[in-house]
Amino acid sequence: MKYLFIVSLIFTLIACKGDGYLRGEVEPSQDGKTYFGVIDNNGGNCGPLLLDGRAWELPLGEVSEIEPGEHIIHCGSSISFVIPKGVVFMFDYWGP
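Residues numbered from 1 in each chain as written. Predicted model: local features only at pLDDT ≥ 70, side-chain atom pairs only at ≥ 80, totals over all residues. Heavy atoms only, no water.

### A look at the state of the cysteines
All chains considered together, the criterion is met by one disulfide. Disulfide pairing places cysteine 46 opposite cysteine 75 at an S-S distance of 1.4 Å. Placement of the pair is cysteine 46 in the loop between β2 (35–38) and β3 (50–51) and cysteine 75 in the loop between β6 (69–74) and β7 (78–83), with a sequence separation of 29 residues. Take cysteine 75: its relative accessible area is 2%, and that puts it in the buried class. (Disulfide = S-S within 2.5 Å. Helix = DSSP H or I, 4+ residues; strand = E, 2+ residues; numbered from the N terminus. Buried < 20%, exposed > 50% of the residue type's maximum accessible area, 1.4 Å probe, protein only.)

Rendered as structure tokens:
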């Protein structure tokens, strides 16, 4: 039983491996510029999706160049998050 617990714990930790960013999937950009995209629109039932107070017009999964730093996304509620320089940041988490 002890070994089963240890093996289960190891598999759980492996499955939880991530890039360390709560709000999105982040990977280095090919050209060193910074990009942002949305892959989860909070169910789509929250009214207009706003990024830094402006409507986000791109379809889910498409990216646009953006300045690195702190940004605010709004779709029913507002969430502040930071985009590092030189990455593609795909926003995907609206939870707490």
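### Notes on the sheet that holds strand β5 (residues 63–65)
A sheet is described by the order of its strands in space; here four strands give the open sequence β1-β8-β2-β5, paired in mixed fashion. For this open sheet the edge positions go to β1 (24–28) and β5, each flanked by a neighbour on one side alone. In this sheet, neighbouring strand axes are inclined to one another by 20° on average, regardless of whether the strands run parallel or antiparallel. Strand direction decides the pairing type here: β2 and β5, joined by three bridges, are antiparallel. The partner of phenylalanine 36 across the bridge, within β5, is serine 64. (Pairing = 2+ DSSP bridges. Axes fitted to C-alpha atoms, helices over the stretch in contact; angles between N-to-C directions.)

### Some words on unusual backbone geometry
Look at asparagine 42: it is not a glycine, yet its phi comes out positive at around 60°. You can see asparagine 42 is positioned in the loop between β2 and β3. Residue asparagine 42 is classed as partly exposed on the basis of its relative accessible area, which comes to 33%.

### A closer look at the pairing of strand β8 (residues 87–91)
Within β8, five of the five residues are buried, leaving the element largely enclosed by the surrounding structure. Along β8, one buried face is formed by Val87, Phe89 and Phe91 and the opposite face, lined by Val88 and Met90, is buried too. Across five bridges, the pairing between β1 and β8 is antiparallel. Bridge pairing links glycine 24 to phenylalanine 91 in β8.

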